[in-house]
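# Remarks on the overall topology
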Amino acid sequence: MTKLFDRVSLIGIGLIGSSLARAMRKQALAGEIAGYARSETTRAKALELGLVDHVCPTAAKAAKDADLVILCSPVGTYGALAQEIGPTLNSGAILTDVGSVKGAVVKDVSPHVPRHAHFIPGHPIAGTEQSGPESGFAELFINRWCILTPVPDADPDAVEKLAAFWRACGSNVETMTPEHHDLVLAITSHLPHLIAYNIVSTAADLEEVTSSEVIKYSAGGFRDFTRIAASDPTMWRDVFLNNKDAVLEMLGRFSEDLSALQRAIRWGDGDMLFDVFTRSRQVRRSIIAAGQDTASPDFGRGAPKTP
Ligand code: NAP
């Protein structure tokens, strides 16, 4: 693969930032990679792992002279970071992000981007429940979608260059409006996380069933929820605070459908339950057919290791 950028700056070097660093290294996409993270520990780890060529003591120093700056920290940090970085951005530099919410990010970041630079928001639909610089891997983005939400008058060359970057990391690229992104992700990602957090916390609060029983007899369904509910609390707090309207809209629909299922159970309406379950199974099969998951039991994770 050929070099696409001379200096890429990663602001935040956790799961996503470090996976991008690894993918860039593997494909030789950047002349050099500069990094900044909030803590000295993460900055030192990023250097030790060879993820970045330099770490900088501030986000502004990391972003200086970069032709691509990628915000890879929690969404709630983007406004203040953009305010700090904005004045240092070179003419023609691309500022992007990987945040799981787009409308709020556009509102928080855009006012700080100088006219001579390009802000092109992005979101790779790829991740795990792990966090930190050691959890990343170069293959994370392969065959996953990356959504870009450029403003209508965004520079087409800059958008294409960023799309080429994501394609080189293995992703398929789609563009859409921030509002549409937030609605789609509210149902495909944000609501499932909220439900997982809720079901795990409900189980943990049960008084008749002890928490040791919840762990000991954790059936497949509950275990899958606990994996999602182990995701980073800071990241997910910021997602819900910043995609409030779309999440509340989807939560309203979800609650109505849940009430319908509750009613079907109460009145013994087996046909209704069977129809809903059959339709849902088809969705799972379509996801596998589209290559977005594996049909292996346990999602291909294999049997748990014995302690
Ligand atoms: P992560 O593993 O927890 O890493 C977050 C990184 O951001 C860490 O390096 C952290 O530094 C740094 N950070 C936190 N606050 C900061 C600040 N104020 N200034 C500068 N750096 C700061 O998180 P992640 O999973 O990579 O998520 C990062 C972004 O990707 C989020 O916006 C999230 O919405 C998005 N995203 C996540 C996933 C996923 O599945 N995880 C998928 C797609 C998109 P310290 O280690 O020093 O605290």
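Relevant structure appears above.
The text that follows walks through the structure, step by step, so that each part is easy to find. Note that this is a predicted model, so its numbers are computed, not measured. (Residues numbered from 1 in each chain as written. Predicted model: local features only at pLDDT ≥ 70, side-chain atom pairs only at ≥ 80, totals over all residues. Heavy atoms only, no water.)

Counting its secondary structure elements, the chain contains twelve helices and nine strands. For 307 residues, the compact-globule estimate of 2.2 N^0.38 gives 19 Å, and the C-alpha radius of gyration of the chain, at 21 Å, lies within 12% of that figure. With the principal axes as the frame, the chain shows a C-alpha extent of 65 × 45 × 35 Å. Every one of the 307 residues in the chain was classed for burial, and the buried ones make up 39%. (Helix = DSSP H or I, 4+ residues; strand = E, 2+ residues; numbered from the N terminus. Rg over C-alpha atoms; globule rule 2.2 N^0.38 Å. Buried < 20%, exposed > 50% of the residue type's maximum accessible area, 1.4 Å probe, protein only.)

This part covers the packing of aromatic side chains. Tallied over the entire structure, the rule returns four aromatic pairs. Relative to Phe-165, the ring of Phe-5 has its centre 6.0 Å away and its plane inclined at 75 degrees; by these criteria the two rings are edge-to-face. Placement of the pair is Phe-5 in strand S1 (residues 5–11) and Phe-165 in helix H6 (residues 156–168), with a sequence separation of 160 residues. Side by side, Phe-5 and Phe-165 carry an identical accessibility label, which is buried. Centroid distance Phe-141 to Trp-166: 5.3 Å. Interplanar angle 80 degrees. Geometry classified as edge-to-face. Linking Phe-141 in the loop between strand S7 (122–124) and strand S8 (145–148) with Trp-166 in helix H6, this pair joins segments that are 25 residues apart in sequence. Of the two residues, Phe-141 and Trp-166, both sit in the buried class. Members of the aromatic cluster, joined through ring pairs, are Phe-5, Phe-141, Phe-165 and Trp-166. (Phe/Tyr/Trp six-rings, centres within 6.5 Å; stacked < 30°, edge-to-face > 60°.)

Of all residues adjacent to the ligand, which total 28 residues, the nearest are Arg-38, Ser-39, Thr-42, Ser-73 and Ser-100. Separating an oxygen atom of the ligand from a backbone N or O atom of Ile-13 is a distance of 2.8 Å. Within the backbone of Leu-15, an N or O atom sits 2.8 Å from an oxygen atom of the ligand. Of all the elements in the fold, those that place two or more residues in the shell around the ligand are helix H1 (15–27), helix H4 (78–85) and S7. (Near = heavy atom within 4 Å. Polar contact = N/O pair within 3.5 Å; in protein donor to acceptor, adjacent residues only side chain to side chain.)

Helix-helix packing is described using two parameters, namely the angle between the two axes and the distance between the axes. Following both chains from N to C, one finds helix H7 (residues 178–205) and helix H11 (residues 244–266) inclined at 65 degrees, their axes separated by 9 Å at the closest point. Here H7 is positioned roughly perpendicular relative to H11, judged by the angle of their axes. Judged by the twist between their axes, the crossing of H7 over H11 is right-handed. Residues Asp-182, Leu-183, Ala-186, Ile-187, His-190, Leu-191, Leu-194 and Ile-195 of H7 form the contact with H11, whose own contacting residues are Ala-246, Val-247, Met-250, Leu-251 and Phe-254. Class assignment for the residues of the contact of H7 with H11 results in eleven nonpolar, one polar and one charged. (Axes fitted to C-alpha atoms, helices over the stretch in contact; angles between N-to-C directions. Parallel < 35°, antiparallel > 145°, perpendicular 65-115°, else oblique. Left-handed = near helix turned anticlockwise from the far one by under 90°. Contact = heavy atoms within 4.5 Å. Nonpolar A, V, L, I, M, F, W, Y, C, P; charged D, E, K, R; others polar.)

This brings us to the sheet that holds strand S5 (residues 94–97). Within the open sheet, the six strands sit side by side as S3-S2-S1-S4-S5-S6. Their pairing is parallel. The open sheet has two free edges, formed respectively by strand S3 (54–55) and strand S6 (118–119), since each of these has just one partner strand. (Pairing = 2+ DSSP bridges.)

In this section: H4. Looking only at H4, the buried set comprises Tyr-78, Gly-79, Leu-81, Ala-82 and Ile-85. An end-on view of H4 places all buried positions within 165 degrees of arc, on one side of the element. Facing away from the buried surface of H4 by more than 90 degrees, the exposed residues are Ala-80 and Gln-83. Contacts from the buried residues of H4 go to S1, helix H3 (59–63), strand S4 (68–71), S5 and helix H5 (103–109). (Arc of directions from axis to C-beta.)

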